[in-house]
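Inside the fold
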Amino acid sequence: MALGEFKVHATAGNARRATLMTAHGPVQTPVFMAVGTKATVKAMTPEELKECGTQVVLGNTYHLHLRPGEKTIAKMGGLHKFMNWDGPILTDSGGFQVFSLSQLRNMSEEGVEFRSHLDGAKHFISPEKSMEIQMDLGSDIIMAFDECLQYPATDDQIEKSMALTYRWLLRSRDAMTRKESLLFGIVQGGLSLNHRLKSMEQICSVDLPGYALGGFSVGEPIHLMHELLPHVAPKMPANKPRYLMGVGTPTDLIIAIDSGIDMFDCVMPTRVARNGTIYTWNGKVSIKRAEYKEDPSALDPECDCYTCRNYSKAYLRHLFLSGEILGSRLNTIHNIHFYMKVMEKARAAIAEGRWEEYKNFCLARFAKKEK
Ligand SMILES: O=c1[nH]cnc2cc3nc(NCc4cccs4)[nH]c3cc12
Ligand SMILES: [Zn+2]
């Protein structure tokens, strides 16, 4: 396959089983991408990530620009070498993080001036600067510099913002000169269907290797996203990957795959693992519960990950209550393994004509409540 080629092998309604070719190898979709914001997927080594079936790791322009700086990472051979990850890396463009993390100074047509949340130093990111940072990192998939509108937003705010995101996409495209990298555009439009379709028309009119849906998972009631997706995702170019940014729970993944989404990222599996919440094939387990104090069973009897093969709920509860680092590591290994298994089985189900059955199986199982 050629760089950037997206080959659809099978479909099941709007769901697709495909392969995207990147400079660091093929990506089998639907795919869940592990979030490695500061050049590490928290608590996991690259070998453990591979062992869990991770294909793609995310890095973050905003964080890596502030520390250690893209020029340092470039001097160290680029982000792959720096973090010892030889698979595909996708980097977010920094806009979302500037708005959600920094003391924003001011926004203009040119770009965003802000103060670092680390030391208050002044910085400026524009489409051109964002592309420069991501190219210095050596990213395989580069996200266009966009404006992710907060929720809720008025129609006027949505219209102004999505028009800016479109103008910034054109500048991102013109500034992205690294031929090994694939540039993805980001569709905005808030939570209103007509704005979403208008933004999709604008963004997807630019010929790019892939397109993302931004502006979700920003505090809106999740059902609003579930209701919009089936009306938007299937209308995106069928021969290009569709990436839903920042989503989501296992249930969200299944619902979005059914609407035609191919790529996902979310801090959920790693973040909640450190807080003792475990995803299983029978719903969520909160490992700190007293009922697990002397429970010899694995986190999930249907899981074959390193954690489930070697440790009991009693031991993992003890680690969590003791604040032991190993607790974060073992819980994260399980949650990442679980997410990757859900996606691996989804790919097989679509390819083998069993998607409806697998979808309904997952939605029922994931909804089960702890007794
Ligand atoms: O429109 C977006 N543009 C570029 N990056 C994003 C990243 C995003 N990540 C989330 N949600 C994931 C979360 C981040 C922090 C807590 S949940 N929503 C997102 C939206 C965008
Ligand atoms: Zn497990």
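All values reported here derive from a predicted model rather than from experimental measurement.

Within the chain, the secondary structure is distributed over 15 helices and 16 strands. The C-alpha atoms of the chain give 20 Å as radius of gyration, which agrees with the globular expectation for 371 residues (21 Å, within 12%). Relative to its 371 residues, the chain shows a buried fraction of 57%. Restricting the contact set of the chain to residue pairs at least 6 apart, pairs at least 24 apart contribute 66%.

Mapped onto the fold, Glu220 is located in the loop between strand S12 (210-213) and helix H9 (222-232). Buried and without a salt bridge, Glu220 has Arg196 as its closest oppositely charged side chain, separated by 7.3 Å. One polar contact links the side chain of Glu220 to the main-chain amide nitrogen of Val218, over a distance of 2.8 Å. Other than its neighbours up to four places away in sequence, Glu220 contacts Tyr151, Leu191 and Met225.

Attention now goes to the pattern of salt bridges. Within this structure, the stated rule accounts for 22 salt bridges. Between Glu132 and Lys71 there is a salt bridge whose closest N-O contact spans 2.8 Å. Taken together, the residues Glu132 in helix H6 (residues 127-137) and Lys71 in helix H3 (residues 70-75) connect sequence positions 61 residues apart. For Lys71, a relative accessible area of 41% corresponds to the partly exposed category. Residues participating in the shared-partner salt-bridge network are Glu70, Lys71, Lys129, Glu132 and Asp136.

Turning next to the coordination of the zinc ion (ligand 2). Distances from the zinc ion (ligand 2) to its protein donors, Cys303 (SG), Cys305 (SG), Cys308 (SG) and His334 (ND1), fall at 2.1 to 2.3 Å. With four donor atoms in place around the zinc ion (ligand 2) and angles of 101 to 117 degrees between them, the coordination shape is tetrahedral.

Alternating residues of strand S5 (residues 57-60) divide into Val57 and Gly59 and Leu58 and Asn60, and every residue in both groups is buried. Handedness of the crossover joining strand S4 (residues 31-35) and S5 through helix H1 (residues 46-51) is recorded here as right-handed. Two strands pair when backbone bridges link them, and S5 and strand S6 (residues 89-92) are joined in this way by four bridges, in the parallel orientation. The residue bridging Leu58 from the neighbouring strand is Leu90, located in S6.

Inspection of the region around ligand 1 gives 13 residues, with Asp92, Asp146, Gly215, Phe216 and Ser217 positioned closest. The contact in question runs from a nitrogen atom of ligand 1 to an N or O atom on the side chain of Asp146, over 2.7 Å. In this structure, an oxygen atom belonging to ligand 1 sits 2.9 Å away from a side-chain N or O atom of Gln188. In the complex, the protein chains occlude 81% of the 470 Å² of accessible area that ligand 1 would expose alone. Here the shell around ligand 1 is composed, by residue class, of five nonpolar, five polar and three charged.

Let us now look at helix H8 (residues 193-204). Taking 1.5 Å of rise per residue, the 12 residues of H8 would be expected to cover 16 Å, and the 16 Å separating its terminal C-alpha atoms lies within 8% of that figure. Restricting attention to buried positions, one finds in H8 the residues His195, Arg196, Ser199, Met200, Gln202, Ile203 and Cys204.

This paragraph deals with the packing of H6 against helix H7 (residues 155-175). Helix-helix packing is described using two parameters, namely the angle between the two axes and the distance between the axes. Packing of H6 against H7 brings their axes to within 8 Å, and their N-to-C directions diverge by 40 degrees. In terms of orientation, H6 and H7 fall into the oblique class. Crossing hand, H6 versus H7: right-handed. Contact residues: H6 offers Pro127, Glu128, Met131 and Met135, while H7 offers Trp168, Arg171, Ser172 and Ala175. Residues of the contact of H6 with H7, tallied by class, amount to five nonpolar, one polar and two charged.

Here the chain shows a mean pLDDT of 97. Residues at 70 or above account for 100%. Two numbers describe this predicted complex: its pTM, 0.98, and its ipTM, 0.97.

Here we take up unusual backbone geometry. Of note, the amide linkage connecting Arg67 to Pro68 takes the cis form, showing an omega dihedral of 5 degrees. Mapped onto the elements of the fold, Pro68 is located in the loop between helix H2 (61-66) and H3. Here the amide bond leading from Val247 into Gly248 is cis, since omega sits at 10 degrees, within 30 degrees of zero. Mapped onto the elements of the fold, Gly248 is located in the loop between strand S13 (242-244) and helix H10 (250-258). One non-glycine residue, Asn84, adopts positive backbone phi at about 60 degrees. For Asn84, the location among the structural elements is in the loop between helix H4 (79-83) and S6. Not every positive phi belongs to a glycine, and Ser217 is a case in point at roughly 55 degrees. With respect to the element layout, Ser217 can be found in the loop between S12 and H9.

Moving on, we get to the sheet that holds strand S1 (residues 6-12). Read from one edge of the open sheet, three strands run S1-S2-S3, paired in antiparallel fashion. Sheet topology places S1 and strand S3 (25-29) at the edges, where each strand pairs with a single neighbour. For this sheet, the mean inter-axis angle between neighbouring strands, taken without regard to orientation, is 10 degrees. Here six bridges tie S1 to strand S2 (residues 15-22), and the two strands are oriented antiparallel to one another. Bridged to Phe6 within S2 is Leu20.

Procedures and definitions
Residues numbered from 1 in each chain as written. Chains lettered and ligands numbered in written order. Predicted model: local features only at pLDDT ≥ 70, side-chain atom pairs only at ≥ 80, totals over all residues. Heavy atoms only, no water. Helix = DSSP H or I, 4+ residues; strand = E, 2+ residues; numbered from the N terminus. Rg over C-alpha atoms; globule rule 2.2 N^0.38 Å. Buried < 20%, exposed > 50% of the residue type's maximum accessible area, 1.4 Å probe, protein only. Contact = heavy atoms within 4.5 Å. Lys, Arg positive; Asp, Glu negative; His and termini not counted. Salt bridge = Lys/Arg side-chain N within 4 Å of Asp/Glu carboxyl O. Polar contact = N/O pair within 3.5 Å; in protein donor to acceptor, adjacent residues only side chain to side chain. Donors = N, O, S within 2.8 Å, 3.2 Å for Na, K, Ca; no water. Tetrahedral: all angles 85-135°; square planar, octahedral: opposite > 155°, others 65-115°. Right-handed = clockwise from strand over helix to strand, strands pointing away. Pairing = 2+ DSSP bridges. Near = heavy atom within 4 Å. Areas by Shrake-Rupley, 256 points an atom, 1.4 Å probe, with all protein chains shown as cover. Nonpolar A, V, L, I, M, F, W, Y, C, P; charged D, E, K, R; others polar. Expected span 1.5 Å × (residues − 1). Axes fitted to C-alpha atoms, helices over the stretch in contact; angles between N-to-C directions. Parallel < 35°, antiparallel > 145°, perpendicular 65-115°, else oblique. Left-handed = near helix turned anticlockwise from the far one by under 90°. pLDDT = per-residue confidence, 0-100.

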